[in-house]
Amino acid sequence: MIDAAIVGLGRWGKTLVAAVQGKSDGLRFTRAVSRNPDKLRDDAARYRLDLVSELDAVLRDPSIGAVVLATPHSLHCEQIIAAARAGKAVFCEKPLTLTKADAERAINACREAGVVLGIGTDKRFFPAVGELLRLAKGELGQILHLEAHFSNEVAGTFAEWRYSSEESPAGGMTGTGVHMLDALVALAGPVRRVQSLLLSHKPPPDPLDSLSTLLEFASGVSGTLAMVRSSPAYFRLHAFARKASAEVLGRTELVLRRGGAEPQHVNFPPVDSVRANLEAFAAAVAGGVPYPIPMSDMLDTVAVFEAIAEAAKSDGQVKEL
């Protein structure tokens, strides 16, 4: 059992704690770091957490084996480095960082310290996404084109800091669309260039905007990415390949299309993807198996995220990576 500290006990921090507390044999939260501990006494009592106001307090605690970050994006890099230097495994909510340079610093710190680095792109643990990743290893044939869409209707429920251009430089893609970037990188590898368009219909709070992106992968695969804030939740990931195409619709549904045959609809039992991700992280910390999302994928995802953000600011100009 890995004893962990949650840093940031806001809306998503509580989701992370609730996913495993009293449910997991691999990870439990024993401490929490918050800038306003007095406001969170009831939550701390509910989850049996010792509250502190400074990160250093848990970094000095020898009983803490892992630090889980649910903090503003701009803080991630320095917090990851501090945790790694203290010998703590780190699980960081997405995006890992806002720039490729900071991602390299954070990843190098974890490598040098020999600690596990996990990332909160839990959509990889959707059963249907997992099956698509398996099919893409050969059964589909050569992948030619990828399409991804993730719209979200909960933008108005986020903390105020998420609305700033500094913390969310690519609109809603920063907090949710980055899940799709992670999936696309897992399927086709690093991106060579992007062209992106971000259109705003209403500023924060509860913003209304859309982002559309064209991608060219270094492997020669083409791709599109789209998302809308705020619109009823919609999740789609589609791989078009030589032998077949496979389309993920939400957490548990996959449609497989082959030439000359009726589409095959496959449904999987639901799983708690947040818990699955945290338990995979805990297993890696315990030394059982490697963490399933490689650091190289984390770096490639941040690189294309930064490129999309820059391209969106330049009225759709092509951005080379």
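This report concerns the structure included in the present document. (Residues numbered from 1 in each chain as written. Predicted model: local features only at pLDDT ≥ 70, side-chain atom pairs only at ≥ 80, totals over all residues. Heavy atoms only, no water.)

Some words on the overall build of the protein chain
Part 1 of the argument: Within the protein chain one finds nine helices and 15 strands.
Part 2 of the argument: Relative to the compact-globule value of 20 Å for 321 residues, the protein chain shows a C-alpha radius of gyration of 19 Å, a close match.
Part 3 of the argument: Considered along the principal axes of its C-alpha atoms, the protein chain spans approximately 60 × 40 × 35 Å.
Part 4 of the argument: Burial statistics for the protein chain: of 321 residues in total, 54% are counted as buried. (Helix = DSSP H or I, 4+ residues; strand = E, 2+ residues; numbered from the N terminus. Rg over C-alpha atoms; globule rule 2.2 N^0.38 Å. Buried < 20%, exposed > 50% of the residue type's maximum accessible area, 1.4 Å probe, protein only.)

Notes on the pairing of strand β11 (residues 234–241)
Part 1 of the argument: Across the eight residues that make up β11, a large majority, six, are buried.
Part 2 of the argument: Relative to β11, strand β7 (residues 143–151) is paired through eight bridges, and the arrangement is antiparallel. Across the sheet, the residue bridging to E147 is H238, located in β11.
Part 3 of the argument: In the sheet, β11 pairs with strand β12 (residues 244–249) via five bridges, with the strands oriented antiparallel. Across the sheet, R236 pairs through a bridge with L249, a residue of β12.
Part 4 of the argument: The hairpin turn running from β11 into β12, its antiparallel successor, is two residues long. (Pairing = 2+ DSSP bridges.)

Let's talk about empty space enclosed by the protein
Part 1 of the argument: Scanning all chains against the criterion turns up two cavities of 30 Å³ or more.
Part 2 of the argument: Size it by volume and the second largest cavity reaches roughly 80 Å³.
Part 3 of the argument: In terms of lining residues, the second largest cavity is bounded by K94, P95, L96, I119, T121, V178, D182, I293, M298, T301, V302 and F305.
Part 4 of the argument: The set of elements that each furnish at least two residues to the lining of the second largest cavity consists of α7 (177–188) and α9 (295–312).
Part 5 of the argument: When residues of the lining of the second largest cavity are assigned to their parent elements, the largest contribution, four residues, is made by α9.
Part 6 of the argument: Broken down by class, the residue content of the lining of the second largest cavity amounts to eight nonpolar, two polar and two charged. (1 Å grid on protein atoms, 1.4 Å probe; cavity = no way out; pocket = protein on both sides within 12 Å on 5 of 7 lines; lining within 4 Å. Points joined across faces, edges and corners; volume = space filled by probe spheres on them. Nonpolar A, V, L, I, M, F, W, Y, C, P; charged D, E, K, R; others polar.)

Digging into the packing of helix α4 (residues 76–85) against helix α5 (residues 100–113)
Part 1 of the argument: In the contact formed by α4 and α5, the axes pass within 9 Å of each other and the chain directions differ by 10°. In terms of orientation, α4 lies roughly parallel with respect to α5. Side by side, α4 and α5 meet where C77, E78, I80, I81 and A84 of the first sit next to D102, R105, A106, A109, C110 and A113 of the second.
Part 2 of the argument: For the contact of α4 with α5, a count of residues per class yields eight nonpolar, no polar and three charged. (Axes fitted to C-alpha atoms, helices over the stretch in contact; angles between N-to-C directions. Parallel < 35°, antiparallel > 145°, perpendicular 65-115°, else oblique. Contact = heavy atoms within 4.5 Å.)

Considering the sheet that holds strand β10 (residues 222–229)
Part 1 of the argument: Read from one edge of the open sheet, nine strands run β14-β13-β12-β11-β7-β10-β9-β8-β15, paired in mixed fashion. Each of the sheet's edge strands pairs with one partner strand only, and the pair in question is β14 (264–267) and β15 (318–320). On average, each strand axis in the sheet is tilted by 15° relative to the strand beside it, whichever way the strands run.
Part 2 of the argument: Lying on the sheet, helix α6 (residues 127–135) is in contact with β11, β12 and β13 (253–258); it crosses β13 at an angle near 30°.
Part 3 of the argument: Along the sheet, α9 makes contact with β8 (191–202), β9 (208–217), β10 and β15, crossing β8 at roughly 50°.

Some words on the side chain of S210
Part 1 of the argument: Relative to the assigned elements, S210 resides in strand β9.
Part 2 of the argument: Discounting residues that sit within four places of it in the chain, S210 has contacts with L197, L198, L199, H201, M227 and V228.

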